[in-house]
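# Descriptive analysis of the structure
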Amino acid sequence: MRLTKFTDLALRAVMRLAVSEQGGSLTTREVAEAMDVPYAHMAKAITRLQHLDVLEARRGRGGGLELTGTGRRASIGWLVRELEGEGEVVACEGDPPCPLRGACRLRRALRDAQEAFYATLDPLTVTDLVASPTGPVLVGLSGRPPQ
């Protein structure tokens with residue numbers, strides 16, 4: 001099982017924002033710089049996380065990004081499912097469709113493995129992911145220029 005880069009980026013953004021209270025709100029640009037990714041990619045991930053009610057963005061002076069209560073309590077399994085979408089591991093109905101699709105046992109086995117993957121992530125929350133030693137490293141990724 002491999003996550004898309006988009007999901008990986010969104011999860012890293014959520015983790016960074018989970019520890020941001022210690023240093024104030026961060027902007028999308030600051031999170032992108034801290035994670036060393038292009039601003040445009042981070043902006044897309046931030047927008048999707050807003051639609052999922054995982055974070056909110058405030059514009060203007062004193063604005064920035066902040067995790068919502070939903071974002072803090074959300075299961076990582078739920079979040080990954082939402083970010084990855086409903087797709088299956090293999091494209092049996094692709095173009096052209098697989099000739100084994102009517103009698104294949106692999107599709108079911110891969111679907112079960114995918115669900116086991118998500119089930120492993122279900123009990124975890126953002127708070128779990130940013131516990132030590134990860135949290136202090138995330139705080140060190142300021143994304144702010146030195147003053």
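Going by the structure above, here's the rest.
Residues numbered from 1 in each chain as written. Predicted model: local features only at pLDDT ≥ 70, side-chain atom pairs only at ≥ 80, totals over all residues. Heavy atoms only, no water.

## Points about the overall build of the protein
Definition in use: Only DSSP runs of H or I covering at least 4 residues are called helices, and only runs of E covering at least 2 are called strands; the numbering of each starts at the N terminus. Each residue is placed in one exposure class: buried if its accessible area under a 1.4 Å probe, protein chains only, is under 20% of its type's maximum, exposed if it is over 50%, and partly exposed if it falls in between. Residues count as neighbours in contact if any of their non-hydrogen atoms are within 4.5 Å of one another. Per-residue and other accessible areas were derived by the Shrake-Rupley procedure at a 1.4 Å probe size, with only the shown protein chains allowed to occlude residues. When charges are tallied, Lys and Arg are placed among the positive residues and Asp and Glu among the negative ones, while His and the ends of the chain are skipped. Positions of charges follow a simple convention, taking NZ of Lys, CZ of Arg, CG of Asp or CD of Glu.
On a plain count of helices and strands, the protein comes out with eight helices and two strands. Ordered by position from N to C terminus, the α and β elements of the protein give α-α-α-β-β-α-α-α-α-α. The dimensions of the protein, computed from C-alpha atoms along their principal axes, are 65 × 30 × 25 Å. Going through the 147 residues of the protein one by one, you find that 34% of them count as buried. A fraction of 70% describes how many contacts in the protein between residues 6 or more apart in sequence connect residues 24 or more apart. Of the roughly 9100 Å² of accessible surface on the protein, a fraction of 54% belongs to carbon and sulfur atoms. One way to put it: in the protein the 19 positive side-chain charges average out to a point 3 Å from where the 18 negative ones average out.

## Things to note about the nonpolar core
Applied cut-off: The term nonpolar core refers to a set of buried residues drawn from Ala, Val, Leu, Ile, Met, Phe, Trp, Tyr and Cys, joined through side-chain atoms within 4.5 Å.
V31, M42, L49, L67 and L79 are the most contacted members of the largest nonpolar core, which totals 32 residues. Counting residues per element, the ones that place at least two in this core are α1 (5-18), α2 (28-34), α3 (39-51), β2 (64-67), α5 (76-84) and α6 (106-121). Counting residues per element, this core draws most heavily on α1, which supplies eight residues. Non-local contacts of L67, meaning those with residues more than four positions away in its chain, are made with V14, L17, A18, V54, L55, R72 and V126.

## Details of the layout of surface pockets
Cut-off, in case you're wondering: Note on definitions: the grid is 1 Å and covers protein atoms alone; a cavity is a set of points where a 1.4 Å probe fits but cannot get out; a pocket is an open set with protein on both sides within 12 Å along at least five of seven lines; lining residues have an atom within 4 Å of a point. Grid points are joined across faces, edges and corners, and a volume is the space filled by probe spheres set on the points. Amino acids outside the nonpolar list (Ala, Val, Leu, Ile, Met, Phe, Trp, Tyr, Cys, Pro) and the charged list (Asp, Glu, Lys, Arg) are all regarded as polar, and Gly is one of them.
Of the pockets and cavities examined, the largest pocket occupies roughly 240 Å³. The wall of the largest pocket is formed by 14 residues, among which T28, Y39, I46, A57 and L65 lie closest to the centre. Among the elements of the structure, α2, α3, β1 (55-58) and β2 are those that each provide at least two residues to the lining of the largest pocket. A total of five residues in the lining of the largest pocket trace back to one element, the largest contributor, which is α3. Here the residues of the lining of the largest pocket are counted per class, giving five nonpolar, six polar and three charged. Reported here for the second largest pocket is a volume of approximately 150 Å³. Where the lining of the second largest pocket is concerned, the elements lending two or more residues are α5 and α6. Looking at the lining of the second largest pocket, its residues break down into one nonpolar, three polar and five charged.

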